[in-house]
Protein chains: 2
Amino acid sequence: MQSFNPPKRTLMGPGPSDVSTRVLEAMARPTIGHLDPAFQTLMDEIKELLRYAFKTENKLTFPVSAPGSAGMETCFANLVEHGDKVIVCVNGVFGTRMVENVTRCGGEAVVINDDWGTPVSLDKVDAALKANPDTKIVAFVAAETSTGVASDTKALCKLAHEYDCITIVDAVTSLGGSELDVDGWNIDAIYSGSQKCLSCPPGLSPVSFNERAIEKIKNRDKPVQSWFMDLNLVMGYWDGTGGRSYHHTAPVNAMYALHESLLILKEEGLENSWKRHTDMSAKLRQGFADMGIKYLVDEKYALPQLNTIIIPDHITDEAAIRTKLLNDHNLEIGAGLGALSGKVWRVGLMGHSACQANIDKCLTAFKAVMN
Amino acid sequence: MQSFNPPKRTLMGPGPSDVSTRVLEAMARPTIGHLDPAFQTLMDEIKELLRYAFKTENKLTFPVSAPGSAGMETCFANLVEHGDKVIVCVNGVFGTRMVENVTRCGGEAVVINDDWGTPVSLDKVDAALKANPDTKIVAFVAAETSTGVASDTKALCKLAHEYDCITIVDAVTSLGGSELDVDGWNIDAIYSGSQKCLSCPPGLSPVSFNERAIEKIKNRDKPVQSWFMDLNLVMGYWDGTGGRSYHHTAPVNAMYALHESLLILKEEGLENSWKRHTDMSAKLRQGFADMGIKYLVDEKYALPQLNTIIIPDHITDEAAIRTKLLNDHNLEIGAGLGALSGKVWRVGLMGHSACQANIDKCLTAFKAVMN
């Protein structure tokens, strides 16, 4: 057995995205202890940078030491109490995963379905809230990674708060790539991932909780069912006041990488990054249009960072096309997930991958393999 | 804000341990997709290397995509069903954490206490098993990271099986550093960490489950309360047969590092690594003895990879000593945890840190700061 030397891919799937040399180099710096004062300085900087990226002043803003799925579960396990009614908006795979989380946390999920490829319907959520006045939480995906759809997060949060509900928002694919304003939109709890528009390797899940969410967590009747994810314990580790208490061992080198990727985002400017994603997506869309390839999602709801295209009818073996893209062009794109499996491809323009060179490479490769 | 440049420490605490340049370089290789065929090859190799390190043929052997605490919870959340009686042996911090896990999973913990600094008493466990014939699981820590004590894992497993119980073993500090034989000792479920005697950055938790454990997991009445840790789902991702199904996004670069660290272990040879830890520990013990520093743990139960020394009476501010070691000598050692806080220091000789140069550095630094 030999050391592993990965092929050099261009990552235009639904994540991970291309990671810059700067971030990889940061990750390879010498490991220090997770209780080292120098590491605590790093933790403080990461929290500050994440507040910038999320547009929030929330004190409890930090990366969960595990991938986005664990960030999702951290939100549900802490906020859902036994018997809580939770409205879950499902318009793709990650909405269905939210339902799983609610049920496993002992909550009662009220599921609002919308067609995959369309945004969450405000009217349906409003009707569900009216019909279920005892609802405690409204949960939805801001940017569905399985379809490439953006829902109206601001309006959904406003609506949920009219019924005095707490909101849990999946922003795994949003953060850094398209408009997101945690404080301005009054999001109570949010989770994301490191490997999408932050262009950091996978493994960390940035989260943020406002005071309303923390209040619910602190006043739970029963302890959070997960010890690892219990924010009442994790707060003691990530909270800088009065020294940190040991909870778990943070993935030190992964934090170096996240810090560097957030620094790069700040150097570019958050709004500039959003604009770059939008601009690049328009170019990619034009290129696909020129080839006669259609998008699944109406342009006004389409995420710039995740472009879901309909597999043309004449393609009989879509997996073979993806294999050719990978083997002949070192280009990774994403397959369809769940109900969209075999029907769409997902082309990511996330973070560092949202650049002209990648678009050119992608269109050239598609032209070559589709012939 | 600047890029983070960590100080160059010598890591002789309870983990993380020193990470070799080879492992750091591996970690910095270009990120590829977590469903890339090349990554799947890496996953297969990691499973094979972990089987070597654990001394097992267990098919379900893989690293959980999160730190050791999540590996612990993965074992308990999957194996403990509501109402299950679990004998938990507590002789340090990580035993108490097991109790927390049992309770949060809806199990009933029967706690067997032994003095911190001594091993788990077989007689007490035997008595508890006799008194509780409905016990389903016996859980204990093979190598207590909070005290530096090795318990008799082989004998405890044998005893538990006489009463038809499943065993859950914490080997976070054991793996690669001292004798461990999953198949030979008939361990049913085991978890470890990447950042101890494997000398890999923190963030991953190698686990292994035998058929008896898998049988219990597959036949649960209710789903595992954690979606992220549910082995019924994770198996579909880590199991190579018939293609992998997406569950979560694995921390790709962390896996590169783990692969390289396991390769280094295999190159040295598992038994040679154990012997090196034993040899180095004897040298360190002699050095401390020459300085009049005493060990907490009787030599016959002491872990070579974690040396717990009693803080001499004349030291009035032990934290100041650790700060001096860190600031003046770039040497990290560990504080006492829980009941041993302020009473002991923990000096790790884990993985790559178990070498003559570190021992020399450590003894020199101690002499300098203790004067």
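Note that the coordinates shown come from a computational prediction; the quantities given were computed from them, not determined experimentally.

(A) Broad picture of the overall build of chain A. If you tally the helices and strands in chain A, you get twelve helices and 13 strands. In summary, chain A has a C-alpha radius of gyration of 20 Å against a globular reference of 21 Å for 371 residues, a match within 12%. Overall, the C-alpha framework of chain A stretches about 60 × 55 × 40 Å when taken along its three principal axes. A buried classification covers 57% of the 371 residues belonging to chain A. Long-range contacts, defined as pairs at least 24 residues apart, comprise 72% of the intrachain contacts of chain A with a sequence gap of at least 6.

(B) Spotlight on the interface of chain A and chain B. With 59 residues of chain A at the contact, the number on the chain B side is 59 residues. Contributions of two or more residues to the side of chain A that touches chain B are made by α1 (21-27), α2 (37-54), α3 (68-79), α4 (93-104) and α9 (252-268) of chain A. Of the residues forming the side of chain A that touches chain B, the biggest block, seven residues, is contributed by α9(A). Its residues assigned to classes, the side of chain A that touches chain B comprises 29 nonpolar, 19 polar and eleven charged.

(C) Quick look at the sheet that holds strand β13 (residues 344-348) of chain B. All names here are of chain B. Spatial strand order, β1-β12-β13-β11: four strands in an open sheet with mixed pairing. Since the sheet does not close on itself, it has two edges, and those belong to β1 (10-12) and β11 (306-310), each with one partner. Across the sheet, the axes of successive neighbouring strands diverge by a mean angle of 30°, strand direction being ignored. Each of β1, β12 (331-335) and β13 touches helix α12 (residues 356-370); the most contacted strand, β1, lies at about 85° to it.

(D) Region of the structure containing the relation of the copies chain A and chain B. Overlaying chain A on chain B yields an RMSD of 0.0 Å, the required transformation being a rotation through 180° with an accompanying axial translation of 0.0 Å. Seen this way, the second copy is the image of the first under a two-fold rotation axis. With an isologous cut-off of 70% or more, the 100% of interface residues of chain A that recur at the interface of chain B puts this contact in the isologous class.

(E) Structural context of the confidence of the model for chain A. Here chain A shows a mean pLDDT of 96. Residues at 70 or above account for 99%. At the level of chain-chain contacts, confidence expressed as ipTM amounts to 0.97, with global pTM at 0.98.

(F) Looking closely at unusual backbone geometry. The omega torsion across A:Gly15 and A:Pro16 is 5°, close enough to zero to call that bond cis. Tracing the backbone shows A:Pro16 in the loop between β1 (10-12) and α1. A positive phi angle is found at B:Lys55, which is not glycine, with a value near 55°. With respect to the helices and strands, the residue B:Lys55 is situated in the loop between α2 (37-54) and β2 (60-64). The phi torsion at B:Asn330 lies on the positive side, around 50°, for a residue other than glycine. Residue class for B:Asn330 comes out partly exposed when judged on the 15 C-beta atoms lying within 10 Å of it.

(G) Spatial organisation of the environment of B:Leu258. Residue and element names in this part refer to chain B. The topology assignment puts Leu258 in helix α9 (residues 252-268). In sequence terms Leu258 and Leu326 are 68 residues apart; their C-alpha atoms lie 27 Å from each other. Here Leu258 is in contact with Ile46, Pro63, Ser194, Cys200 and Leu204, once residues within four sequence places are set aside.

(H) Examining the sheet that holds strand β4 (residues 108-113) of chain B more closely. Residue and element names in this part refer to chain B. Across the sheet, seven strands lie side by side as β2-β10-β9-β8-β5-β3-β4; this open sheet has mixed pairing. Every interior strand has two partners, whereas the edge strands, β2 and β4, have only one. Across this sheet, the average inter-strand angle for adjacent strands is 15°, counted without regard to direction. Examined bridge by bridge, strand β5 (residues 135-141) and strand β8 (residues 166-170) share five bridges and lie parallel to one another.

(I) Spatial organisation of the domain arrangement of chain A. Residue and element names in this part refer to chain A. Split into domains, chain A comes out as domain 1 (10-15 + 270-370) and domain 2 (21-266). Distance between the C-alpha centres of domain 1 and domain 2: 26 Å. With 24 residues of domain 1 in contact, the opposing surface of domain 2 contributes 26 residues. Where the side of domain 1 that touches domain 2 is concerned, the elements lending two or more residues are α10 (270-290) and β11 (306-310). Per element, the largest residue contribution to the side of domain 1 that touches domain 2 is four residues, and it comes from α10. Considering only residue class, the side of domain 1 that touches domain 2 consists of 14 nonpolar, nine polar and one charged.

(J) Structural context of α9(B). Residues and elements named next belong to chain B. The end-to-end C-alpha distance of α9 is 25 Å, a good match for the 24 Å that 17 residues give at a rise of 1.5 Å each. Of all the 17 residues making up α9, 14 are buried; the element is thus mostly covered by neighbouring parts of the structure. Within two residues after α9, Gly269 carries a phi angle of roughly 100°, on the positive side.

(K) A look at the pairing of β4(B). All names here are of chain B. Both strand β3 (residues 85-90) and β4 contribute to a ladder of six bridges, which runs parallel. By the bridge assignment for β4, Val90 is matched with Asn113. At this point the chain moves from β3, through helix α4 (residues 93-104), to the parallel β4, and the crossover so formed is right-handed.

(L) Expanded view of helix α8 (residues 231-238) of chain B. Residues and elements named next belong to chain B. Of all the residues in α8, the buried ones are Leu231, Val234 and Trp238. Angularly, the buried residues of α8 cover 60° about the axis, an arc narrow enough to put them on a single face. Residues of α8 that are buried sit in contact with α2, β2, α3 (68-79) and α7 (211-218).

(M) View of the packing of helix α5 (residues 122-131) of chain A against helix α6 (residues 153-162) of chain A. All names here are of chain A. Across the interface, α5 lies against α6 with an axial gap of 10 Å and an inter-helix angle of 15°. Overall, the two elements α5 and α6 adopt an arrangement that is roughly parallel. Both α5 and α6 take part in a crossing whose hand is right-handed. Of the residues in α6, those in contact with Leu122, Val125 and Asp126 of α5 are Ala155, Leu156 and Leu159.

(N) Quick peek at the pairing of strand β10 (residues 205-209) of chain B. Residues and elements named next belong to chain B. Burial of β10 is extensive: five of the five residues sit out of reach of the surface. With burial as the criterion, each face of β10 is covered, one bearing Ser205, Val207 and Phe209 and the other bearing Pro206 and Ser208. Bridge count for β2 against β10 is five bridges, and the pairing is antiparallel. Opposite Phe62, over in β10, you have Val207 as the bridge partner. Of the strand pairs in this sheet, strand β9 (residues 189-191) and β10 are connected by three bridges, and their pairing is antiparallel.

(O) A look at the environment of A:Asp183. Residues and elements named next belong to chain A. Topologically, Asp183 is positioned in the loop between β8 (166-170) and β9 (189-191). For Asp183, a count of 14 C-beta atoms within 10 Å gives the class partly exposed. When near neighbours in sequence (up to four residues on either side) are disregarded, Asp183 contacts Lys55, Thr56 and Glu57.

(P) Region of the structure containing the environment of A:Lys158. Residues and elements named next belong to chain A. Topologically, Lys158 is positioned in helix α6. Residue Lys158 is classed as partly exposed on the basis of its C-beta count, with 14 C-beta atoms lying within 10 Å. Each C-alpha atom of the pair Lys158 and Ile187 lies 9.0 Å from the other, and the pair is 29 residues apart in sequence.

So, how was this worked out
Residues numbered from 1 in each chain as written. Chains lettered and ligands numbered in written order. Predicted model: local features only at pLDDT ≥ 70, side-chain atom pairs only at ≥ 80, totals over all residues. Helix = DSSP H or I, 4+ residues; strand = E, 2+ residues; numbered from the N terminus. Rg over C-alpha atoms; globule rule 2.2 N^0.38 Å. Buried ≥ 20, exposed ≤ 12 C-beta atoms within 10 Å, placed from the backbone. Contact = placed C-beta atoms within 7 Å. Nonpolar A, V, L, I, M, F, W, Y, C, P; charged D, E, K, R; others polar. Pairing = 2+ DSSP bridges. Axes fitted to C-alpha atoms, helices over the stretch in contact; angles between N-to-C directions. Least-squares fit on C-alpha atoms with pLDDT ≥ 70 in both. pLDDT = per-residue confidence, 0-100. Domains from an automatic or database assignment. Expected span 1.5 Å × (residues − 1). Right-handed = clockwise from strand over helix to strand, strands pointing away. Arc of directions from axis to C-beta. Parallel < 35°, antiparallel > 145°, perpendicular 65-115°, else oblique. Left-handed = near helix turned anticlockwise from the far one by under 90°.

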